[in-house]
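Now for the letters of each chain:
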Amino acid sequence: MGGGASTIAAKLAFFPPEPSYQVDLDEPTQKLKLLGVPQSDKGDVSILQTKRGHYIFAVFVRNKGATLTLLYSHGNAADIGQMFQFFIELSDRLHVNVMGYDYAGYGRSNGEPSEQNTYADIEAVYKCLKEIYEVKEEDIILYGQSIGSGPTLELATKLPQIRGVILQSAILSGLRVMYRIKYSLWLDIYKNIDKIPYVSCPILVIHGIEDEVVDISHGKKLWELSKMKYEPLWVNGGNHCDLQVFPQFFTHLKKFITSVERQSDFKTVELEESIIDLNYTLEITNDIKCRPSIEEIEKSRISTEQKEIIAIRPSTDRKLKPRISVDKREKPRKSMDYFVKSRISTDQAERGRNSIDRFGDMMRSVALCNIDCLRQTLSQED
């Protein structure tokens, strides 16, 4: 039952666009390059193998003299070809390196998109940053936009020394986009609300006040639950996918980058007043290979057409039991929270299907607006 729900949720939550780029080998340099992407010569393309057996594409935009690197997890209806010019803009304006990647099933990456696959994807990219580009953990800032906040926070809980996390238009969880639920449910995906308290670095939250897709309450709750709160940016008039058109967007990002860049050791250096210092440690170990051949990924892309079914473990919140009166003469009084759980257990299939369908409708609205807004932003910058 759990695996089936996970597959349905994946279908409705992810909307990979038609690939916007091709990948070819540049004969003179013997390096991979993106075809059909303006200024693609500014990016270094890699093919990475994930621990789940997929091959994904990543692009690294280098800024000479930069000390920090953004690992960017994009939104739902984009790929690295469409995001590439934005990566260049981030690199130029913030003076950082930028590593972007496509999830399994996005762009030219093979496989099927799913929650668990995105976790494996970002781990492979992080591994490549450390082993291929020799970027230290403490010089990395994780950046998650919209649904990209899911893999971003999953990895952030496992890395105690990263420099910071940026969450733009982030979600508390998939189902919370539609419902004000108190506990995490078994069929939910990207339970960021349960993970963010375990992130041990400064967190910048950016959210549009007029966001019609993911209500600003998501951003405010994530900021509230953060251990190391950095001054948030609530963009007046900002919607879900147009925040970069507001002048304060890059100004605040630059302020955050400058702030965390000064902190060489969060355990020994006193942080600025806008950040609260708490320590947390976890280890991450993965054995991931980098740079297989293009022929290898094309063969793998064909052989991985079968859809993956991933079981979702029930939330530990379900262990909570209702409080029942000791007096047997009284009818048991159950809280509304227990009533909701009981309703789910007796009508699980119908409730789960309705919840996921509504989640799909909401995420489709993200799919319709993300790229158009990004293109509008880039055209205005030109």
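Just above sits the structure.
This report concerns the structure included in the present document.

Scoring rules and cut-offs
- Residues numbered from 1 in each chain as written.
- Predicted model: local features only at pLDDT ≥ 70, side-chain atom pairs only at ≥ 80, totals over all residues.
- Heavy atoms only, no water.
- Salt bridge = Lys/Arg side-chain N within 4 Å of Asp/Glu carboxyl O.
- Helix = DSSP H or I, 4+ residues; strand = E, 2+ residues; numbered from the N terminus.
- Buried < 20%, exposed > 50% of the residue type's maximum accessible area, 1.4 Å probe, protein only.
- Contact = heavy atoms within 4.5 Å.
- Arc of directions from axis to C-beta.
- Axes fitted to C-alpha atoms, helices over the stretch in contact; angles between N-to-C directions.
- Parallel < 35°, antiparallel > 145°, perpendicular 65-115°, else oblique.
- Left-handed = near helix turned anticlockwise from the far one by under 90°.
- Nonpolar A, V, L, I, M, F, W, Y, C, P; charged D, E, K, R; others polar.
- Pairing = 2+ DSSP bridges.
- Phe/Tyr/Trp six-rings, centres within 6.5 Å; stacked < 30°, edge-to-face > 60°.
- Lys NZ or Arg CZ within 6 Å of the ring centre and 35° of its normal.
- Core = buried A, V, L, I, M, F, W, Y, C linked by side-chain atoms within 4.5 Å.

1. Quick word on the pattern of salt bridges
Close approach of charged atoms allows side chains with opposite charge to pair.
Next up, step 1: A complete count under the given rule lists 11 salt bridges for this structure.
Next up, step 2: For the salt bridge of E154 with K158, the shortest nitrogen-to-oxygen distance reads 3.2 Å.
Next up, step 3: Its salt-bridge partner being R176, residue D188 comes within 3.6 Å of it at the nearest N-O pair. Here the residue D188 occupies a position in the loop between β8 (164–168) and α5 (192–195), and R176 occupies one in the loop between β8 and α5, the gap between them amounting to 12 residues. R176 matches D188 in its accessibility class, with the two residues each being buried.
Next up, step 4: Taken together, the shared-partner salt bridges in this structure form one network comprising K51, E123, E154, K158 and K195.

2. Observations regarding helix α4 (residues 149–156)
Next up, step 1: The element α4 is largely enclosed, with a buried count of 8 among its 8 residues.
Next up, step 2: Where α4 is concerned, the buried positions are S149, G150, P151, T152, L153, E154, L155 and A156.
Next up, step 3: Tucked inside the fold, the buried residues of α4 contact β5 (69–73), β6 (97–101), α3 (115–131), β7 (140–145), β8 and α5.

3. Some thoughts on helix α6 (residues 216–225)
Next up, step 1: Turning to α6, its buried residues number three or more, namely I216, H218, G219 and L222. With its buried residues spanning 155° around the axis, α6 presents them on a single face.
Next up, step 2: Close packing links the buried residues of α6 with β8, α5, β9 (202–208) and β11 (233–235).

4. Side note on the packing of α3 against α4
Next up, step 1: At a closest axis distance of 9 Å, the pairing of α3 and α4 adopts a crossing angle of 60°. Considering the angle they form, α3 stands oblique to α4. Read as a crossing pair, α3 and α4 show a hand that is right-handed. From α3, T118, Y119, I122, E123 and Y126 reach across to α4, where they touch G150, P151, T152, E154 and L155.
Next up, step 2: Its residues placed into classes, the contact of α3 with α4 shows 5 nonpolar, 3 polar and 2 charged.

5. Points about the pairing of strand β4 (residues 55–61)
Next up, step 1: Summarising burial for β4: 7 of the 7 residues are buried, a large majority.
Next up, step 2: By the alternation rule, side chains of β4 split into Y55, F57, V59 and V61 and I56, A58 and F60, which are all buried.
Next up, step 3: Taking the residues between adjacent antiparallel strands as the criterion, strand β3 (residues 43–49) and β4 are bridged by 5 residues, where G53 takes a positive phi near 90°.
Next up, step 4: Across 4 bridges, β4 lies against β6 in antiparallel orientation. Its bridge partner lying in β6, V59 is registered against G100.

6. Concerning the packing of aromatic side chains
Next up, step 1: Counted by the stated rule, this structure contains 11 aromatic pairs.
Next up, step 2: With 5.1 Å between their ring centres and 90° between their planes, F249 and F250 make a pair best called edge-to-face. For the pair shown, F249 and F250 are each scored as buried.
Next up, step 3: Chaining the aromatic ring pairs together yields one cluster made of Y72, F86, F87, Y143, F249 and F250.
Next up, step 4: The cationic tip of R93 hangs over the ring face of F250; the distance from NZ or CZ to the ring centre is 4.3 Å.

7. Structural notes on the nonpolar core
Next up, step 1: Core analysis: the biggest nonpolar cluster contains 50 residues, and L71 and V165 have the highest contact counts within it.
Next up, step 2: Contributions of two or more residues to this core are made by β4, β6, α3, β7, α4, β8 and β9.
Next up, step 3: Top contributing element to this core by residue count: α3, with 7 residues.
Next up, step 4: Once you skip the residues sitting within four places of it in the chain, V165 turns out to touch I141, L142, T152, L153, A156, V199, C201, P202, I203, L204 and F256.
Next up, step 5: With 41 residues, the next largest nonpolar core counts M83, I88, V98 and L233 among its residues.

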